[in-house]
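# Fold and geometry: a report
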Amino acid sequence: MFNVKHFDFDIIVIGGGHAGIEAALAASRMNKSVGLITIDKSKLALMSCNPAIGGLGKSHIVKEIDALGGVMGIAIDATGIQFRRLNLSRGPAVWSTRAQADRIAYNRFICEYMEKDRKVSLIEAIAGKFLIENEDIVGIETEDGEKILARAVIVCSGTFLAGLIHIGEKQFPAGRRGEKAAYKLSDSFRSLGFEVGRLKTGTPPRLDAKTIDFDRCKIQPGDIPIPYFSYTTVRDGFEQSPCHLTYTTEKTREVVSRNLYRSPIFSGQIKSCGPRYCPSIEDKIYRFRDKPRHQIFLEPEGNDTDEIYPNGFSTSLPEEVQKEAIRTVIGLEQVEITEPGYAVEYDYCPAYQVKANLETKRVKGLFLAGQINGTSGYEEAGGQGIMAGINAVLMMEREPPFILNRAQAYIGVMVDDLITHSTTEPYRMFTSRAEYRLELREDNARDRLFPHSKKYGLVPDEHHKDFEKLQQNTENFIQLLKSTSVPLSKLDGIAEYFGNREKIVLADIFKIPSLELEKIQPYLDIFIPPISPIDKTLERAAIFIKYEGYIRKQRREIDKFKKMENKIIPDYISFADMAGLRNEAKEKFQRLKPTSLGQAGRIEGITTGDLTVLSIYIKKYQSQRISPQKTSN
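Rules used in this analysis
- Residues numbered from 1 in each chain as written.
- Predicted model: local features only at pLDDT ≥ 70, side-chain atom pairs only at ≥ 80, totals over all residues.
- Heavy atoms only, no water.
- Helix = DSSP H or I, 4+ residues; strand = E, 2+ residues; numbered from the N terminus.
- Buried < 20%, exposed > 50% of the residue type's maximum accessible area, 1.4 Å probe, protein only.
- Axes fitted to C-alpha atoms, helices over the stretch in contact; angles between N-to-C directions.
- Parallel < 35°, antiparallel > 145°, perpendicular 65-115°, else oblique.
- Left-handed = near helix turned anticlockwise from the far one by under 90°.
- Contact = heavy atoms within 4.5 Å.
- Nonpolar A, V, L, I, M, F, W, Y, C, P; charged D, E, K, R; others polar.
- Pairing = 2+ DSSP bridges.
- Patch = residues over 30% accessible without salt bridge, like charges linked within 9 Å, V, L, I, M, F, W, Y side chains within 5 Å.
- Areas by Shrake-Rupley, 256 points an atom, 1.4 Å probe, with all protein chains shown as cover.
- Salt bridge = Lys/Arg side-chain N within 4 Å of Asp/Glu carboxyl O.
- Lys, Arg positive; Asp, Glu negative; His and termini not counted.
- Charge placed at Lys NZ, Arg CZ, Asp CG, Glu CD.
- Core = buried A, V, L, I, M, F, W, Y, C linked by side-chain atoms within 4.5 Å.
- Expected span 1.5 Å × (residues − 1).
- Phe/Tyr/Trp six-rings, centres within 6.5 Å; stacked < 30°, edge-to-face > 60°.
- Lys NZ or Arg CZ within 6 Å of the ring centre and 35° of its normal.
- pLDDT = per-residue confidence, 0-100.

Glancing now at unusual backbone geometry. Peptide bonds are trans in most cases, and residues, glycine excluded, mostly fall at negative phi. Residue Ile-224 is joined to Pro-225 through a cis peptide bond whose omega torsion reads 0°. Assignment of secondary structure puts Pro-225 in the loop between β14 (218–220) and β15 (243–247). At Asn-31, a residue that is not glycine, the phi angle is positive and equals roughly 70°. Tracing the chain through its elements places Asn-31 in the loop between α1 (18–29) and β2 (34–38). For Ala-45, which is not glycine, the phi dihedral falls at a positive 55°. Positionally, Ala-45 belongs in the loop between β2 and β3 (52–54). By relative accessible area, which is 2% here, Ala-45 ends up buried.

Structure (C-alpha cells):
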C-alpha cells in the first residue's frame, strides 16, 4: 500500500517506440505532464524492422493519426526518401500511400521533436513493477528500485517484454539486436492476474549495397508529384531514391529446404506464433512448395548508408546459412551481409483484457498500446498509442472515453478486432478488414476525425478553420458541377459515353469509367474557372461524385450498424444466468465482455440464436431496470 500525496507525473508511458511516442505527445497536447520511460532515449521510434511507413490499410491509420494531431505522418514526410501510391487501378477506398524512410533521419527527427516538448520528460530506465493502491495504478518501480508515481500508466513495450532473440541454434535475451529487454514487468502483469502470452516476429539480414548487382533487378522509382502523408507538410520536391525488385530462385529453395531443421521455427526452439502476413523465407518456402520464386524488394535504409533491407527475406536461420541462401537471389550472388536476420520472441497480453478505450479491465488507470496487445507494425502501434494517450487523460478528468467505432476509422476497426477476437498471432491491418472502407478513405480522414481533434484540443484552431474552408469549397464546387449544363458538341473525345443526349451536366464527366482527373480537367477549363493543379477541392469532389451512389448505399449500411452498436449491454448483466444461451456463448461473453449487441455479434463463433437471446435479455433488463441482486434470484 502507498499513501500517495504527490505524483511525479500525470502519466507514465513505458516504451519509446511508435506507440509510446504518440501516447506521450497526445497527453502532452492535452496539457498533461508525461514521464516517458525508455531504455535508450537516443533510439526513440527507431525502425527495428522495415524502414518504411504506410502500405495497404496501414497508410489509412497514418492519415488518421495525423488528423488526430499525431507525429508519424509529419516525421515520414520530413525524412522519407521515396513515396509511392498503391492500388490506383482500383477504387479510392483502397488507395494507399507508402514511403521509404531514412531510418536514422526518422529516429533523429523524433528525438529532436520530443526534446522540444516541455511537458514530456525522457527517463532512461527499465520498468520493473506496477505500483497499485486500492486496485488503481499509482506508478511504477524501475528494475533499479526507483519509484515513479503517476495517475495513469500506458505500457507500450514493443518486443522488449521478456525479449529473446534467435539466430539458428543461438539464442540470447534482447528486445532487439544489441539492446536489453525488460523481464520483471511480465512477472508484475502475472501477479496482477493478467494472462501473458508469447508472440514472435522477425527481420531479414541487412546487405551491403556496394556488393549488389542492381542491373539485374527491376528498378522501382518514386511517384511524382510526391504523395505526402500529413496535411501540414510543405516540402519542396527532391530526388527520390529508387527501390529494386528481384526474386528468389530454385537454388534458394534448395538451400533453405536443406537447412529447415536448423531454423528455430521448425526445430521447436521457437514455440510462439509469428505473423501470418509477413512470414519468414523458411515459412514461405515450406508452405508454398510449388511456387518457383518469391519477390524480394531491395529497399535502402537511408541516404547516408549503404545498407539495404531485403524485404521478403525475413529469416532466423544460422548466419552461414543466411549468407548461402541470400546469394542465390538474382543480383545478390556476391552480396555481403552487414547484419544477420533474426527472430525475436516477446511477451504480450491478449487484448480481451482491455476495454475499447485501451484501459485494462483489471487495473484502473493502466493502459496497453501496441505490440503488447498483439499487433504488428509501426502504424498499428501508433494508432493505439494516440488513442491510449487521449483516453488516459480523459480517465483522469473523469470524462467519457474516446472510442472510435468500425464505421469511423481504421483505428476503430483495429481496436474492435483486438478486443472481440483477442488474436493469438500478430495482427496486421488490411483494407479488407474494414467493411465500411468506402467511407474510411485516406482522403477523408480529416472529415471523419477533425471534430474529435477540435473537441480535445489536439490540433491548432487555425487548422480547423482552414479545413472548414476546404469542406465548404468542395461542397460549392460539387454544386457548381451538378448545375452547369454543357452541350455534347463541346466534348470531343468523350461524347460517345453519353449516347444520343444533347446536353449533360459537368458532374457526369466524373462518372466515366477509368477517366483520370488529368484528362477531365481540360473539359472543365472550358466552362468554369480553372483549378490548378488538380488541387484537393477537385480531387475530393471527383471521388464524391464518382462514387456517390455507392457512398449513399454504404451510409445506409452504417445506419444499421449504429443501431446494433446503440443496443448497449448493461455492465451488471449476468451472461451465466441467461436461459437459452449456449454454454460456448456464455463463456465467450464472460471472457470478452462485449459492450453492445453489435460487438457481441462480431465475436467468433457467436450465432444468430445467441444474439436473439442476448437481445431479449437486454430489453428485459432495460425495461425492468433489474438490479444485480434481483438478477441472481
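Before going further, it helps to examine the packing of helix α12 (residues 445–456) against helix α13 (residues 461–483). Look at α12 against α13: their axes get within 11 Å of each other, and the N-to-C directions meet at 150°. Between α12 and α13, the angle falls in the class roughly antiparallel. At the point where α12 passes α13, the crossing takes the left-handed sense. Across from Arg-446, Asp-447, Phe-450, Ser-453 and Lys-454 in α12, the residues of α13 making contact are His-463, His-464, Phe-467, Glu-468, Leu-470 and Gln-471. Broken down by class, the residue content of the contact of α12 with α13 amounts to three nonpolar, four polar and four charged.

This brings us to the pairing of strand β10 (residues 164–167). Neither face of β10 is exposed, since Leu-164 and His-166 on one face and Ile-165 and Ile-167 on the opposite face are all buried. In the sheet, β10 pairs with strand β11 (residues 170–173) via four bridges, with the strands oriented antiparallel. The partner of Ile-167 across the bridge, within β11, is Lys-170. The turn joining β10 and β11, which pair antiparallel and follow one another in sequence, is formed by two residues; a positive phi near 60° is taken by Gly-168.

What follows deals with the sheet that holds strand β5 (residues 96–101). Backbone hydrogen bonds hold the strands of a sheet together, and the pairing may be parallel or antiparallel. In spatial order, the strands read β3-β5-β4; together these three strands make up an open sheet with antiparallel pairing. In the strand order of this sheet, the two ends are held by β3 and β4 (80–86), each with one partner. Recorded for the sheet is a direction-independent mean angle of 15° between the axes of neighbouring strands. When β3 meets β5, the two strands line up antiparallel, connected through three bridges. Directly across from Ile-53, in β5, lies its bridge partner Ala-99.

So, on to the side chain of Asn-259. Within the secondary structure layout, Asn-259 lies in the loop between α6 (250–258) and α7 (264–267). Owing to a relative accessible area of 7%, Asn-259 belongs among the buried residues under this scheme. Those residues in contact with Asn-259 that lie beyond four places of it in its chain are Leu-317 and Val-321.

There is a patch of like positive charges on the surface, built from Lys-553, Arg-556, Lys-560, Lys-563, Lys-567 and Lys-619. Counting residues per element, the positive patch draws most heavily on helix α16 (residues 548–565), at four residues. Note that Lys-619 resides in helix α19 (residues 608–624). Overall, the relative accessible area of 56% leaves Lys-619 in the exposed class.

The next subject is the nonpolar core. Of all hydrophobic cores here, the largest spans 101 residues; its most connected members are Phe-130, Ile-154, Val-155 and Phe-189. Sort the elements by how many residues they give to this core and helix α10 (residues 378–396) lands first, with 11 residues. Ignoring anything within four residues of it in the chain, the contact list for Phe-189 reads Phe-130, Val-155, Leu-161, Phe-194, Val-196, Cys-349, Leu-366, Leu-368 and Ile-372.

Glancing now at α12. With 12 residues, α12 ought to run about 16 Å at 1.5 Å a step, and its terminal C-alpha atoms sit 16 Å apart, in line with that. Looking at the buried positions of α12, the neighbouring elements they touch are α2 (58–67), α10, α11 (410–421) and α13. Remark: Gly-457 follows α12 within two positions and exhibits a positive phi of approximately 70°.

When you tally the buried positions in strand β1 (residues 9–14), you get six out of six residues, the bulk of the element. Relative to strand β9 (residues 147–155), β1 is paired through five bridges, and the arrangement is parallel. Paired with Ile-12 across the bridge in β9 is Val-153. Sheet topology note: the β1/β2 ladder contains four bridges and is parallel. In the strand pairing of β2, Val-13 is matched with Leu-36.

To continue, consider the packing of aromatic side chains. Throughout the structure, instances matching the rule amount to 12 aromatic pairs. For the ring pair Phe-130 and Phe-189, a centre distance of 4.8 Å and an interplane angle of 75° mean the geometry is edge-to-face. Pair noted here: Phe-130 is in strand β7 (residues 127–133) and Phe-189 is in helix α5 (residues 184–191), with a separation of 59 residues, a long-range link. When sorted by exposure, Phe-130 lands in the same class as Phe-189, which is buried. Centre to centre, the rings of Tyr-547 and Tyr-550 are 6.3 Å apart; their planes meet at 50°, and the pair counts as tilted. An aromatic cluster of three or more residues is present, and its members are Phe-83, Tyr-228 and Phe-238. Just above the ring of Phe-450 sits the side chain of Arg-446; from NZ or CZ to the centre is 5.9 Å.

Okay, the environment of Arg-151 next. As for its placement among the helices and strands, Arg-151 is situated in strand β9. We classify Arg-151 as partly exposed; its relative accessible area is 40%. Remark: the alpha-carbon pair of Arg-151 and Asn-303, spanning 152 residues in sequence, is separated by 42 Å. Non-local contacts of Arg-151, meaning those with residues more than four positions away in its chain, are made with Phe-7, Phe-9, Asp-10, Ile-137, Gly-365, Met-395 and Met-396.

Before going further, it helps to spend a moment on the confidence of the model for the chain. On average, residues of the chain score 92 in pLDDT, and 97% of them are at 70 or above. Of the regions scoring below 50 in pLDDT, residues 626–633 engages in nine contacts with residues more than four places distant in sequence or in other chains.

Turning next to the sheet that holds β11. The strand order β11-β10-β19-β12 describes an open sheet built from four strands, whose pairing is antiparallel. Unpaired on one side and paired on the other, β11 and β12 (197–203) mark the two borders of the sheet. Strand-to-strand twist of the sheet, defined as the mean angle between neighbouring strand axes without regard to direction, takes the value 25°. Two elements, β12 and strand β19 (residues 342–348), share seven bridges in a ladder whose sense is antiparallel. Across the sheet, residue Thr-201 finds its bridge partner in β19, namely Val-344.

Counted under the stated rule, the structure contains 43 salt bridges. With its nearest N and O atoms 2.6 Å apart, the salt bridge here joins Arg-582 to Asp-610. Of the two residues, Arg-582 sits in the loop between α16 and α17 (583–592) while Asp-610 sits in helix α19, which places them 28 residues apart along the sequence. Among the charged side chains, a salt-bridge network with shared partners connects Arg-406, Asp-416, Asp-417, Glu-435, Glu-565 and Arg-602.

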